[in-house]
Amino acid sequence: QGNQYRFVRDSIYIEECGACHLAYPPGLLPVKSWQGIMTGLEDHFGDNAELDEESSTHIMQYLAQYALEPGQQTRIGKLIRNIPDNPPLRITELPAFINAHEEIAVRMKVEKFETGFLSPCADCHRTAASSIFDKELLHPGYGPKVWGGPTTNDPDEGSS
């Protein structure tokens, strides 16, 4: 049956992970990616983010409960498309994420973004902290409306 993605806030996760960056919604990565992140906190993308055992266990349970998984009937669930057996640790390296953001590269006239360029989601998505990544809710000055193109290529994409 699987979990139905819901954005459930967890104060320990927000306090520990959100102290350094956006506490990314668990539904943006599959559990295997979260496990890889949580077991490598001593070198968390170049920083030491080690936690005490109690906090680490709590956070991993939270991430596992709300992780991205097949069958989710949500817009964010589309990130599971074409995911490899060994999924990446970075949200920005998921095939569906890359596909959804390729228009940005075209508009910016770059072939490839530097690692981490798209990581601060809130730079463009003003509702990222609430797990809403709707193209229609981008910060002013960003997105298809500003570029003069269609506001969406996917008829299923409406408000989250």
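One can find the structure itself at the top, above this paragraph.
The notes below deal with the structure included here. The model shown is predicted, which means the values in this text are computed figures rather than measured ones.

## A few points about the overall build of the protein chain
Right, on to step 1. Each helix and strand counted, the protein chain has 5 helices and 0 strands in total.
Right, on to step 2. From first element to last, N terminus to C terminus, the protein chain shows the α and β order α-α-α-α-α.
Right, on to step 3. In the protein chain, buried positions account for 36% of the 160 residues.
Right, on to step 4. In the protein chain, once contacts between residues fewer than 6 apart in sequence are set aside, the share between residues at least 24 apart is 60%.
Right, on to step 5. Carbon and sulfur atoms form 50% of the exposed surface of the protein chain, whose accessible area is close to 9,900 Å².

## Overview of the side chain of H101
Right, on to step 1. Take H101: it is sitting in helix α4 (residues 95-108).
Right, on to step 2. The exposure class of H101 is buried, given its relative accessible area of 16%.
Right, on to step 3. When neighbours within four sequence positions are excluded, H101 is seen to be in contact with F113, L118 and H125.

## Remarks on the environment of H44
Right, on to step 1. You can see H44 is positioned in the loop between α2 (31-38) and α3 (53-66).
Right, on to step 2. The buried category is assigned to H44, whose relative accessible area is 16%.
Right, on to step 3. Residues in contact with H44, not counting those within four places in the same chain, are H21, I37 and A49.

## Points about the pattern of salt bridges
Opposite charge on two side chains makes pairing possible when the charged atoms of those side chains draw close.
Right, on to step 1. All chains considered together, the criterion is met by 1 salt bridge.
Right, on to step 2. Between E93 and R90 there is a salt bridge whose closest N-O contact spans 3.8 Å.
Right, on to step 3. Owing to a relative accessible area of 40%, E93 belongs among the partly exposed residues under this scheme.

Definitions and limits used
- Residues numbered from 1 in each chain as written.
- Predicted model: local features only at pLDDT ≥ 70, side-chain atom pairs only at ≥ 80, totals over all residues.
- Heavy atoms only, no water.
- Helix = DSSP H or I, 4+ residues; strand = E, 2+ residues; numbered from the N terminus.
- Buried < 20%, exposed > 50% of the residue type's maximum accessible area, 1.4 Å probe, protein only.
- Contact = heavy atoms within 4.5 Å.
- Areas by Shrake-Rupley, 256 points an atom, 1.4 Å probe, with all protein chains shown as cover.
- Salt bridge = Lys/Arg side-chain N within 4 Å of Asp/Glu carboxyl O.

Just geometry here; none of it tells us what the structure is for.
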